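Next come the chains, spelled out residue by residue.
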Amino acid sequence: MTIRLPEAAYTLKEFANQAEVEIMFNPQIVYGVRTNAVNGKYYPHLALRIMLSETSLTVNYDKETVTRCNGHTPGSNGALSPRSLHARN
């Protein structure tokens, strides 16, 4: 898996394409969020965890092939910690 561009709107789409999963996210929430580069062979959940670490985004796995990316919009109360990446199987 290779994901280099840092803009979350792009990287989430690219992740979904490379991992062959569906990912849903609100464009307003991911706007302006910069993600980490991922390069190498990783299980999809680990690649996503690396990509979103130290961001305001979180993930929830609802089904085997559907992932929801959540976060908070700029200017919100910041209830989500940047380190609060949460994944459930």
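Computed from a prediction, not measured in an experiment: that's the story for all the values here. (Residues numbered from 1 in each chain as written. Predicted model: local features only at pLDDT ≥ 70, side-chain atom pairs only at ≥ 80, totals over all residues. Heavy atoms only, no water.)

### Here we look at the overall build of the chain
How we decide: Put simply, DSSP marks the helices as runs of H or I at least four residues long and the strands as runs of E at least two long, and each gets a number from the N terminus on. For every residue, the accessible area obtained with a 1.4 Å probe (protein chains only) is divided by the maximum for its type, and the residue is called buried under 20%, exposed over 50%, and partly exposed between those limits. Only heavy atoms enter the contact rule, under which two residues are in contact if any of them lie within 4.5 Å. Here, Shrake-Rupley sampling with a 1.4 Å probe gives the accessible areas, and only protein chains in the shown set may cover a residue.
Counting secondary structure elements, the chain contains 3 helices and 5 strands. A buried classification covers 36% of the 89 residues belonging to the chain. In the chain, once contacts between residues fewer than 6 apart in sequence are set aside, the share between residues at least 24 apart is 55%. Of the roughly 5700 Å² that the chain leaves accessible, carbon and sulfur atoms contribute 50%.

### Re the pattern of salt bridges
Opposite charge on two side chains lets them pair, provided their charged atoms get close. To be explicit about the condition: The rule for a salt bridge is simple: a side-chain nitrogen of Lys or Arg has to be within 4 Å of a carboxyl oxygen of Asp or Glu.
Applying the stated rule across the entire model yields 1 salt bridge. For Glu 7, the salt bridge goes to Arg 34, with nearest N and O atoms at 3.1 Å. Of the two residues, Glu 7 sits in the loop between strand 1 (2–3) and helix 1 (8–19) while Arg 34 sits in the loop between helix 2 (27–30) and strand 3 (38–39), which places them 27 residues apart along the sequence. The class for Glu 7 is partly exposed, based on a relative accessible area of 37%. Residue classification places Arg 34 among the exposed positions, given a relative accessible area of 53%.

### A few points about the nonpolar core
To keep it simple, the criterion reads: As used here, the term nonpolar core means buried Ala, Val, Leu, Ile, Met, Phe, Trp, Tyr and Cys residues forming a set that is joined through side-chain atoms within 4.5 Å.
In this structure, Met 1, Leu 12, Phe 15, Leu 48, Met 51, Leu 52 and Leu 57 are the most contacted members of the largest nonpolar core, which totals 20 residues. Listed by contribution, the elements that provide at least two residues to this core are helix 1, helix 2, helix 3 (44–52) and strand 4 (58–61). When residues in this core are grouped by element, the largest group, 5 residues, is from helix 1.

### Some details on helix 3
We apply this condition: This arc describes the spread of directions from the helix axis toward the C-beta atoms.
When we look at burial in helix 3, the residues that qualify are Ala 47, Leu 48, Met 51 and Leu 52. The buried residues of helix 3 occupy one face: seen down the axis, they fall within an arc of 120°. Looking at the residues trailing helix 3, positive phi occurs at Glu 54, about 65°.

### Observations regarding the environment of Leu 48
Examined against the element boundaries, Leu 48 turns out to sit in helix 3. Of the residues examined, Leu 48 reaches a relative accessible area of 0% and is grouped as buried. Linking Leu 48 and Thr 35, residues 13 residues apart in sequence, is a C-alpha distance of 9.7 Å.

### Some thoughts on the confidence of the model for the chain
Rule in force here: Values of pLDDT, the confidence the predictor places in each residue, fall between 0 and 100.
When pLDDT is averaged along the chain, the result is 75; 70% of the residues meet or exceed 70. Counted against residues more than four places away or in other chains, residues 73–89, with its pLDDT under 50, gives 27 contacts.

### Quick word on the packing of helix 1 against helix 3
Rule in force here: To obtain each axis, a line is fitted to C-alpha atoms, and for helices this fit is confined to the stretch in contact; angles are then taken between N-to-C directions over 0 to 180 degrees. In these notes the angle categories are as follows: under 35 degrees is roughly parallel, over 145 is roughly antiparallel, 65 to 115 is roughly perpendicular, and the rest is oblique. A clockwise turn of the near helix away from the far one marks a right-handed crossing, whereas an anticlockwise turn of less than a right angle marks a left-handed crossing.
The contact between helix 1 and helix 3 brings their axes to 11 Å, and the two run at 165°. Relative to helix 3, the element helix 1 lies roughly antiparallel. Here helix 1 and helix 3 pass one another in a crossing that is right-handed. Only Pro 44, Ala 47, Leu 48, Met 51 and Leu 52 of helix 3 make contact with helix 1, whose side of the interface consists of Thr 11, Leu 12, Phe 15 and Ala 19.

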